[in-house]
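# Fold and contact review
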Amino acid sequence: MEEGEEHHLIGHNSGSEPGPMVSATVGRTMTTLLSAKPKKLQDAISNLHSPPKIAPLTVSMEQSLWFLHKYIGEAAETGEHLDQVLVPILQHTLTTRESKRGNNVLILLNWLFQDDVLFQVTVTNLAAVISRRDDRYVALGWCILGRSLIEYENVAKNVTTNAIREKYDVILKIFCSCVTHLLSIICKGSNMHEGFELPTRLAVAAADFILSLTVALTRKDLASNNITKRQTSSFVTAKSQPLNSLVTATNVRDEDTLRKASEQPPSLELKFLLWNNLEELITLVKKLTAWSRKSRSLQAKGLERVLKWLKELKQHNSSFQDEAELQMLKTGSLLLSSCWKHYGMLLRLEDHKISQQHKELLEQYLSGIQFYADDQAEEHDASKSSKSETINFFLNCLLLLLGRLDNEQFANAVTEFGSQVSQVLIPQLRCPDEEVINGAISIFKAVVLGTNRTLSKRSLGDVRQMDALLPLLLNLLDERDAAAKAIVKLLAEYCSICSDSECLNEVLKRIDSKNVAQRRNAIDVVSDLIHVSSGSTNTLPQASWQDVANHLLECLGDEDQIIKDQAAKLISMIDPPLVLSTLVDLSYSTEESMQISASTALVALLVNHKHNPEIMCLLLDCLSKLSQNPDSGAVIGTKEGSTLDVDRLLKLLSEWAKHVEDWHVVVGPLIDKMLAEPSNALIVRFLSHISEYLAEAVDIVFNRLVLYMRQQKVIDECNSKWKGKTDSKSEATKHEHCLFSRLCPLLIIRLLPLRVFDDLNSPLVYGDLPSNSALRENRQINIEVSDYIAALMISRALSKSEFEDVRKLAAELCGRIHPEILVPILSSELESAANAKDTFKIKVCLFSFCTSLMVRGNSAYKHPNVFTIRKTIHQILSWSSVDSDEISKAQHGCIDCLALMLCTEIQSPKSSKGTAIARDSILAYVTNQLAEDEKDSSFESEGGDTVTDATARLSFRLCMANVLISACQKISDTGKKSFVKKIVPCVIRSIGEVVEPDIRAACVQVLFSVAYHLKSSIFSHSNDLLSVALKSLRDGSQKERMAGAKLVMCLMASEEDVVESISAGLLEARALLQKLSSTEPSPDVRQICRQLVVWLTSR
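The sections below set out a description of the structure shown in this document. The numbering scheme is per chain: residues are counted from 1 as the chain's sequence reads. Two thresholds apply to this predicted model, a pLDDT of at least 70 for residue-level local features and 80 or more for giving and counting side-chain atom pairs, whereas whole-chain, interface and lining totals are computed over all residues. Side-chain figures throughout are based on the complete set of non-hydrogen atoms in the structure, without hydrogens or water.

### A closer look at the pattern of salt bridges
One speaks of a salt bridge when a side-chain nitrogen belonging to Lys or Arg is within 4 Å of a carboxyl oxygen belonging to Asp or Glu. One pass over the full model with this rule turns up 45 salt bridges. Two residues, Glu-802 and Arg-742, come together in a salt bridge whose shortest N-O distance is 2.9 Å. Taken together, the residues Glu-802 in the loop between helix 45 (789-798) and helix 46 (804-814) and Arg-742 in helix 42 (residues 729-751) connect sequence positions 60 residues apart. Glu-802 gets classed as buried once you look at its relative accessible area, which sits at 2%. Three exposure classes are used, based on accessible area relative to the maximum for each residue type with a 1.4 Å probe and protein chains only: buried under 20%, partly exposed in between, and exposed over 50%. Of the residues examined, Arg-742 reaches a relative accessible area of 6% and is grouped as buried. Notably, a salt bridge pairs Arg-1041 with Glu-1080, separated by 2.5 Å at the nearest N-O pair. Helix and strand definitions follow DSSP, with helices as H or I runs of at least four residues and strands as E runs of at least two, each counted in order from the N terminus.

Structure below.
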């Protein structure tokens, strides 16, 4: 062909990039060649001896071949990529995968490979295009084409492949550079479905390509091993081209490996190249394992073992630096090559050829196991290890082979080879190598159970073989060895899916055996059974689970501690209703070891079901039943005492409570149970043990209580009907239920810690009270609204129709309400009640305020409305009263309230310093009222009249003395010293100033209370107290003398340092007492004086 004609055929532009004309020509050329019939294409190649003449209208096949030849040749010179040639080839490969015209690609490539230059540029461009083109369809076609080139002997039919065969090893080397990129495709090519990884079509093709490539590296019969030096040299030259940078790029960590490998024979060089990709093989096997877990459980097991072996191989042959280590590398490479030849073949995801010859391979692997097992029996220990590794190899191959078969193929294989598999594998269960045992049991399990998929009742095949082998397998449970350990898992899985309970019953019989090994193995089977059944759709019948539960409960009394501990752990995983009642009984066994084991198992059970409140409710039912009839549990023997120590078991629940993470899930049902069984005291005791945790979900608690209390009817007829009247037993029961139903929510509130009332913004506790203007302006507040806890408690406390027990408890709980809310309400209600002389409300308000002072302390006392309460108390104490009447009872409440206010005041940090008494303090008010002798002190009565009656005034002052006496009894240890410092001097001074004898006697009585209740704090005032007592004995009235005698007696019975301090004054006291013992007109005073004289004389 002339130069002009050639230029016209190629049609290049003057620039470096091909123009539109060239691209169109390349496209037509590739279409012509790829769409031709394979025979015509081969004929055209055979007849292509010289450039053809250009036809006037059409382009012949010979012209297209010649054009393609020239185009690729010029690309080799210019360094242009061949995407316009390769992409159509890849697309054609993808679309004609199962068609005969798919051979056209191999025909063309074989023709191009005959020219060394064209071969180099084509293959290197082919290796580069997959990473250059981010197109999954191109990548998929590339993987299929690459695998076709590697497996050309099996793919190409009636096609000449001499050039591919000659350059086969070079193709493999170039393709090895693509493995890293393909692995990235594989790692990204997974979809999650029901928690399992499933591969995409591209990921499958990429994995199969790598498997085919790496298996090809293990071949020994490569025809291209005899490649000429000229071909090798040209290949090396091609590597220096820029386009081939991908091919020549290697990992830095592998440069030494490849350098050493290049010095070896070609077949060993490829094995080194396989070794160089060991890390990539590990990554690939990991992904294959993940893909197999959903539907190919047996193959997944084999992949896990292969993965473990690859990692161990890498660890043992990690690097080399000298010739000795190079020899180790050779050994590792040869070992990897010989094993991977089979592993890689069996791991291909799309390979029908393996399935067709699976029987031949199965027989081959079984024969290998049998041969090495027989040979191993005659070898010494050093050789046995090597034999075991070889047996493990064959077992891995069996796992991979059987795991890849479909259901029909597997069933046929089991039918034909099942007995042979059993004969070969059962002896391996006695092998000292656990890896061999684990592999053998995995295969054995699949064969005898008739499925290579995940076990289920639906997948379970013919179990007659398993039934026949069951006695033999059960006999392996007689010893504690590796064989028994392996059989345990098999029996557990079989029991979990078997429709009858024969196998399970045989296992449970061994729990009753006298042989410890049998019992331990049987417990192990039960343990695995429980773990296998957990979360599985294959569930045992309820009767079978009850049998398992009963045997585990019996094991809590086993003499073997290991069995006992394991049974306690397993019981926690059993359905609680099956074991809970018996566990509660066993927790009260008279046998200490049984008691401890049962308690441990019970706590573990509760912790395991920590967010299931129904289980806790069931426990309370069991405990209630047992406490009502403690002698009913025949299984536990005699109980400890006639009554059940419920708290001992309830205290164990603290461990359960520590593990509960979300109390919002647990609290609601527990509160509902309490409200449903209001008279069940055991539930209250239980809730008291978890009161701090209830606060974490207090919104749920209060919401339940508000709804419950709002639905209750107002008590009127029910309560009035039962005042002083008893009717039938059924009516009494109704009355009792009514009482407890109203007490119940208040009992729950009492269990809660005080801090739950601290949040003023809680609508469930305070509603809109914090923003209520009446609260701020000290006006009457409406507490009839029952939409929040505070109002419900106050309304029940103030309800005259309510049960007395409910009123008292509600009034007590009102004291927990935040002082900012409670004190204004109480001051208003108390003032209103005082004006109406409503002693019922007065007592309720005073009791609630006393409780508030006790639990809230200074924050309640410092509220501004306390002054109003004090004024109202003053008014109530000024009323005339008779002992034991309602007014007298209300006044006693006032005295206690003032006493608590006084204690709170003295215990405050500011007041506890020094002896000074603030003018506006409660102490100043009480002492001033006590010592004031003026007759014009007025008291306002109900009608506003002024009362100056001396008797009323005296009664009021005596109330003040009682306030101090009550305070002596209520003051805390921290405030005792401060109390004595402030009270004693003030009262002693008052005795010298007061004219009224009864008031002086009351003051001495106050000092007696101080000496009696505050013994440890009176040392510095002991002589003053003795002086007051002696003065009262000498000069006082009968009441004063009685109080003085009691004070002397108290001082003489005080602590030693006090007695020693007053020893000098006791001489005077003795003389005075001797005189009074004979002259005192009052027999009571005279008797005390005589007792004191006897005591002083005996010292």
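### Things to note about the environment of Ala-517
With respect to the helices and strands, Ala-517 occurs in helix 29 (residues 516-533). Contacts: residue pairs with any heavy atoms within 4.5 Å of one another. Setting aside anything within four residues of it in sequence, one finds Ala-517 in contact with Leu-477, Asp-478, Glu-479 and Arg-480.

### Description of helix 6 (residues 103-113)
Within helix 6, eleven of the eleven residues are buried, which leaves the element mostly enclosed by the surrounding structure. Residues Asn-103, Asn-104, Val-105, Leu-106, Ile-107, Leu-108, Leu-109, Asn-110, Trp-111, Leu-112 and Phe-113 constitute the buried set of helix 6.

### Section: helix 4 (residues 61-78)
Helical geometry: 3.6 residues make up each α-helical turn, so side chains three or four residues apart lie on a common side. Expected helix span is given by 1.5 Å per residue-to-residue step, counting one fewer step than there are residues. Helix length check: helix 4, at 18 residues, gives a terminal C-alpha distance of 26 Å against a target of 26 Å (1.5 Å per residue), a fit within 8%. Buried residues of helix 4: Met-61, Gln-63, Ser-64, Leu-65, Trp-66, Phe-67, Leu-68, Tyr-71, Ile-72, Gly-73, Ala-75 and Ala-76, and no others. Of the residues trailing helix 4, Gly-79 is marked for its positive phi of about 80 degrees.

### Comments concerning the pairing of strand 1 (residues 190-193)
The pairing criterion is simple: DSSP has to find at least two bridges between the two strands. As paired elements, strand 1 and strand 2 (residues 196-199) share four bridges and run antiparallel to each other. Across the sheet, Ser-190 pairs through a bridge with Pro-199, a residue of strand 2. Turn length for the strand 1-strand 2 hairpin, with the two strands adjacent in sequence and antiparallel, is two residues, and the turn residue Glu-194 shows positive phi of about 55 degrees.

### Focus on the packing of helix 5 (residues 83-95) against helix 7 (residues 116-132)
Running from N to C, helix 5 and helix 7 point in directions that differ by 75 degrees, and their axes come no closer than 10 Å. Our classification of the angle between helix 5 and helix 7 gives roughly perpendicular. Counting all contacts with helix 5, which are made through Asp-83, Leu-86 and Leu-90, the residues of helix 7 involved are Thr-122, Asn-125, Leu-126, Val-129 and Arg-132. Under this grouping Gly is polar, as are all residues other than the nonpolar Ala, Val, Leu, Ile, Met, Phe, Trp, Tyr, Cys and Pro and the charged Asp, Glu, Lys and Arg. Here the residues of the contact of helix 5 with helix 7 are counted per class, giving four nonpolar, two polar and two charged. Axes, fitted as lines to C-alpha atoms, cover a helix only where it is in contact. Angles between the N-to-C directions of the axes lie from 0 to 180 degrees. Oblique is the label for every angle not falling under 35 degrees (roughly parallel), over 145 degrees (roughly antiparallel), or within 65 to 115 degrees (roughly perpendicular).

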